[in-house]
Amino acid sequence: MKTLSIDVRPAVSDDAQAIAETHRSAWAHAYSGLIPFKTLRAMMERRNVKWWTRAINGSTSILVLDVGGTVAGYATLGLNRAPALPQEGEIYELYLRPEYQGIGLGKRLFTEARRLLSSLGCRGVVVWTLEDNERAVQFYRQSGGRDVAEGTETFDGKRLGKIAFIWP
């Protein structure tokens with residue numbers, strides 16, 4: 001019998017390639033049909049290995065979900081960027097490769113991201129998601145998030161609504 005290890009850990013420079021691939025796969029899955037194609041493709045291409053290497057070595061905290069040596073997901077987090085909301089921490093991104101979704105791994109990554117923010121002294125967490133990203137909206141609601149604010153993002157002239165979810 002073989003044991004499969006599942007771990008959430010801080011990203012290291014050697015993870016940049018795997019995070020770039022995870023980002024591309026997750027974003028294509030989540031946003032195809034929502035964000036205009038050319039804009040989505042440009043956003044995915046911008047987040048290449050070089051970009052992720054700089055991000056890992058920068059000031060933003062990045063966690064990876066490591067499943068048996070494969071980066072199956074990642075989360076980026078730090079201080080809340082929305083001054084109108086009192087939560088001190090923010091999870092900027094939380095994405096899993098499509099083949100790892102729906103089996104509880106996202107919840108594990110999300111829990112660890114919240115735990116890290118709390119250990120850094122942040123009281124409360126906010127997450128923004130596109131309101132048409134039904135899978136993400138459902139995930140954050142099932143994770144106990146309360147939607148408290150709305151906004152919009154414009155992608156190549158297409159305005160999309162977004163929702164802020166909070167946790168104490």
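We now turn to the structure provided with this report. Only a predicted model underlies this, so the values are computations on that prediction, with no experimental measurement involved.

## Describing helix H4 (residues 105-119)
With 15 residues, H4 should cover 21 Å at 1.5 Å per step; its first-to-last C-alpha distance of 21 Å lies within 8% of that length. All of the buried residues along H4 are Leu105, Gly106, Leu109, Phe110, Ala113 and Leu117. All buried residues of H4 project into a common sector of 140° when viewed along the axis, lining one side. Where H4 ends, the next residue or the one after it, Gly121, has phi of about 95°, a positive value.

## As for the packing of helix H1 (residues 16-31) against helix H3 (residues 49-56)
At a minimum axis separation of 8 Å, H1 and H3 run at an interaxial angle of 115°. Where H1 crosses over H3, the handedness of that crossing is right-handed. Between H1 and H3, the residues in contact are Ala16, Gln17, Ile19, Ala20 and His23 and Val49, Trp52, Thr53 and Ile56, respectively. Considering only residue class, the contact of H1 with H3 consists of six nonpolar, three polar and no charged.

## Focus: the sheet that holds strand E4 (residues 89-96)
Spatially, seven strands are ordered E1-E2-E3-E4-E5-E7-E6 in an open sheet, and the strand pairing comes out mixed. Every other strand in the sheet has two partners, leaving strand E1 (6-10) and strand E6 (146-155) as the edge strands with one partner each. This sheet shows a mean twist of 25° between the axes of neighbouring strands, independent of strand direction. Where E6 meets strand E7 (residues 158-167), nine bridges bridge the pair, whose relative direction is antiparallel. Bridge pairing in E7 links Arg146 to Ile166. Set on the sheet, H4 makes contact with E1, strand E2 (61-67), strand E3 (70-79), E4, strand E5 (125-130) and E7; between it and E4 the angle comes to about 155°.

## Some words on the pairing of E5
Burial of E5 is extensive: five of the six residues sit out of reach of the surface. With two bridges connecting them, E4 and E5 associate as parallel partners. In the sheet register, Glu90 faces E5, and the bridge partner there is Val126. In this fold, E4 hands off to H4, which returns the chain to E5; that crossover is right-handed. Two elements, E5 and E7, share six bridges in a ladder whose sense is antiparallel. For Trp128, the partnering residue across the bridge sits in E7 and is Ala164.

## Here we look at the side chain of Thr129
Positionally, Thr129 belongs in strand E5. When its relative accessible area of 7% is taken as the criterion, Thr129 is described as buried. Not counting the four nearest positions on each side in its chain, Thr129 is found in contact with Ala136, Val137, Tyr140, Gly161, Lys162, Ile163 and Phe165.

Reading the values: rules and limits
- Residues numbered from 1 in each chain as written.
- Predicted model: local features only at pLDDT ≥ 70, side-chain atom pairs only at ≥ 80, totals over all residues.
- Heavy atoms only, no water.
- Helix = DSSP H or I, 4+ residues; strand = E, 2+ residues; numbered from the N terminus.
- Expected span 1.5 Å × (residues − 1).
- Buried < 20%, exposed > 50% of the residue type's maximum accessible area, 1.4 Å probe, protein only.
- Arc of directions from axis to C-beta.
- Axes fitted to C-alpha atoms, helices over the stretch in contact; angles between N-to-C directions.
- Left-handed = near helix turned anticlockwise from the far one by under 90°.
- Contact = heavy atoms within 4.5 Å.
- Nonpolar A, V, L, I, M, F, W, Y, C, P; charged D, E, K, R; others polar.
- Pairing = 2+ DSSP bridges.
- Right-handed = clockwise from strand over helix to strand, strands pointing away.

Don't take any of this as a statement about function, it's just geometry.
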